[in-house]
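Structural features, examined
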Amino acid sequence: MTAADLSARAAASVRDVPDFPRPGIVFKDITPLLQDAALFRECIEGMAAPWRSERVTHVAGIESRGFILSAPIAITLGAGFIPIRKAGKLPYATQGRDYALEYGTDRLEMHVDACPPPARVLLVDDVLATGGTAAAACALIEQVGGRTVGCAFLLRLGFLHGDQRLAGYPIQSLIEA
Ligand code: AMP
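Residues numbered from 1 in each chain as written. Predicted model: local features only at pLDDT ≥ 70, side-chain atom pairs only at ≥ 80, totals over all residues. Heavy atoms only, no water.

Overview of helix 5 (residues 132-143)
Its 12 residues give helix 5 an end-to-end C-alpha distance of 16 Å, which sits within 8% of 16 Å, the value for a rise of 1.5 Å per residue. Along helix 5, the positions that sit buried rather than exposed are Gly132, Ala134, Ala136, Ala137, Cys138, Leu140 and Ile141. Looking one or two places after helix 5, you find Gly145, whose phi comes out positive at around 105°. (Helix = DSSP H or I, 4+ residues; strand = E, 2+ residues; numbered from the N terminus. Expected span 1.5 Å × (residues − 1). Buried < 20%, exposed > 50% of the residue type's maximum accessible area, 1.4 Å probe, protein only.)

Rendered as structure tokens:
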């Protein structure tokens, strides 16, 4: 199967849920894709493939849907897994990064010893929307000593131009919407 075939099958298995979690948002629900054993596996392999020659040492996933994809991608690439979590969730000493939301701010945290140099970290999340979350995560990886080699998303909402917030980082996404 070609990459285009996989992308089309994956796109067909992402469900649009209008007005969730707020009026005006079309939520990209990936649960139909995850519950299809063959498709889930192919998507993990498809998301991992572009990074095979990048000597990735760690895959960092953003809480919480990012964890579902990042852990199997880490195994596929022979890399370790690092959680990036919302404020107050990690048990050990952390560093954090605040970032702007549509209304207010949020904060991401990592363990201080998650990826010391010379770690080469791939950032993974389910959806790239405005890019604020991923940009904060990339900065945080570097704050704790890692090098972000790129960002992998299952789905990119192209009309929000999140890639502009990630200038300088290679980006791959299986589905363009
Ligand atoms: P952003 O910071 O705007 O790029 O938003 C990215 C984060 O919000 C990711 O962790 C996504 O899981 C989530 N997200 C944003 N928009 C959507 C959407 N339309 N459907 C599902 N998740 C979304």
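Text resumes after the structure shown.
Focus: the site of the ligand
Taken together, 13 residues surround the ligand, and among them Asp125, Asp126, Thr130, Gly131 and Thr133 come closest. Between a nitrogen atom of the ligand and a main-chain N or O atom of Val26, the distance comes to 3.0 Å. One of the backbone nitrogen or oxygen atoms of Lys28 is found 2.9 Å away from a nitrogen atom of the ligand. In the complex, the protein chains occlude 80% of the 490 Å² of accessible area that the ligand would expose alone. (Near = heavy atom within 4 Å. Polar contact = N/O pair within 3.5 Å; in protein donor to acceptor, adjacent residues only side chain to side chain. Areas by Shrake-Rupley, 256 points an atom, 1.4 Å probe, with all protein chains shown as cover.)

Structural notes on the side chain of Arg120
Tracing the backbone through its elements, the reader meets Arg120 in strand 7 (residues 120-128). According to the relative accessible area criterion, Arg120 is buried, its value standing at 12%. Within the structure, Arg120 has its side chain in polar contact with the backbone oxygen of Glu54 (distance 2.9 Å). The residues contacting Arg120, other than those within four sequence positions of it, are Glu54, Arg55, Val56, Thr57, His58, Arg147 and Val149. (Contact = heavy atoms within 4.5 Å.)

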